[in-house]
Amino acid sequence: MPEVIFAGPDGRLEGRYHPSDDPQAPCALILSPHPKAGGHMDHRIPVAMYESYKRRGFSVLRFNFRGIGRSMGVYDNGQGELQDAAYALDWLQSFNQNAPFSWVSGYSFGAWIGMQLLMRRPEVAGFISMSLPTNTYDFAFLAPCPASGLVTYGSEDSIVPADDVDRIVDKIRVQKGHKISTHEIEGADHFYTNHLEIALDVIEDYLDENLDPRYSPPRAPKLIE
């Protein structure tokens, strides 16, 4: 997994990049949890999502937001981090100019950033949002949501209650022909403690159902949490 440094809006950004062997493969961008809560690109959940797309033959990038690891800059309350994500997607697409589409996947804070990014980038064909922080941020910008995707959350999440996720997602308008699917992981907390494999199986099922069969390889061996 090549370590990469690329230009961001406030200096260099550090990432990990897997280029597909297929020059016409799709792209996936992985977004990390909150920088002020210890979030970074090597967190187990972003890494798991990265490995999923890698197995499917995508070109995949995950990176550190500004101020984390070797990424330059300082935390900017989400505005700068959204710019970081846009620059990361630009960089990824510059090396994959024949990619037919891109997906964006994020966890917690990264899920919020990803939802904003897809509103600005019509080439984003789908998304995965894990533990979407619906009680912390306003999602009125999804007016309407331009892509289909999956939102996963835990029934025992004490940070973002499941009822709040249901309430907000139900209010989101979606463009015709698209759908936001949700899946509550029974017994899971915000961090999917002892439930990450279950959440990943749900995500894999969703991707199998919504991607071309050529991007649905045999399942990987189970992780040990």
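What this report covers is the structure whose coordinates are included nearby.

### Details of the nonpolar core
Phe-6, Leu-29, Leu-31, Leu-61, Phe-63, Ile-113 and Phe-139 are the most contacted members of the largest nonpolar core, which totals 40 residues. Here the element with the most residues in this core is helix α3 (residues 109-120); it accounts for seven residues. Not counting residues within four places of it along the chain, the set of residues in contact with Phe-6 comprises Gly-11, Arg-12, Leu-13, Gly-15, Leu-61, Phe-63, Tyr-87, Ala-88 and Trp-91. Core analysis: the next-biggest nonpolar cluster, separate from the first, contains 26 residues, Trp-103, Met-130, Leu-196 and Ala-199 among them.

### Details of the packing of helix α2 (residues 79-94) against α3
Where α2 meets α3, the axes come as close as 10 Å, and the angle between the chain directions of the two elements is 60°. In this structure, the crossing between α2 and α3 has a hand that is right-handed. Packed against α2, whose contacting residues are Glu-81, Leu-82, Ala-85, Ala-86 and Leu-89, the element α3 presents Phe-109, Ile-113, Gln-116, Leu-117 and Arg-120 at the interface. Of the residues assigned to the contact of α2 with α3, the class counts are seven nonpolar, one polar and two charged.

### Points about the sheet that holds strand β5 (residues 102-107)
Read across the sheet, eight strands follow the order β1-β2-β4-β3-β5-β6-β7-β8 without closing on themselves; strand pairing throughout is mixed. The sheet is open, and its two edges are formed by β1 (3-8) and β8 (180-185), each paired on a single side. Neighbour-to-neighbour, the strand axes of the sheet open up by a mean angle of 20°, direction not taken into account. Judged from the five bridges that link them, strand β6 (residues 124-130) and strand β7 (residues 148-154) form a sheet pairing that is parallel. Considered in β7, the bridge of Ser-129 is made with Val-151. Contacting β2 (11-18), β3 (27-31), β4 (59-63), β5 and β6, helix α1 (residues 44-55) crosses the sheet at an angle of about 165° to β4. Here helix α4 (residues 162-171) sits on the sheet and contacts β7 and β8; the angle it forms with β7, its principal contact strand, is near 160°.

The rules behind each value
- Residues numbered from 1 in each chain as written.
- Predicted model: local features only at pLDDT ≥ 70, side-chain atom pairs only at ≥ 80, totals over all residues.
- Heavy atoms only, no water.
- Core = buried A, V, L, I, M, F, W, Y, C linked by side-chain atoms within 4.5 Å.
- Buried < 20%, exposed > 50% of the residue type's maximum accessible area, 1.4 Å probe, protein only.
- Helix = DSSP H or I, 4+ residues; strand = E, 2+ residues; numbered from the N terminus.
- Contact = heavy atoms within 4.5 Å.
- Axes fitted to C-alpha atoms, helices over the stretch in contact; angles between N-to-C directions.
- Left-handed = near helix turned anticlockwise from the far one by under 90°.
- Nonpolar A, V, L, I, M, F, W, Y, C, P; charged D, E, K, R; others polar.
- Pairing = 2+ DSSP bridges.

These figures come from the coordinates and say nothing about function on their own.
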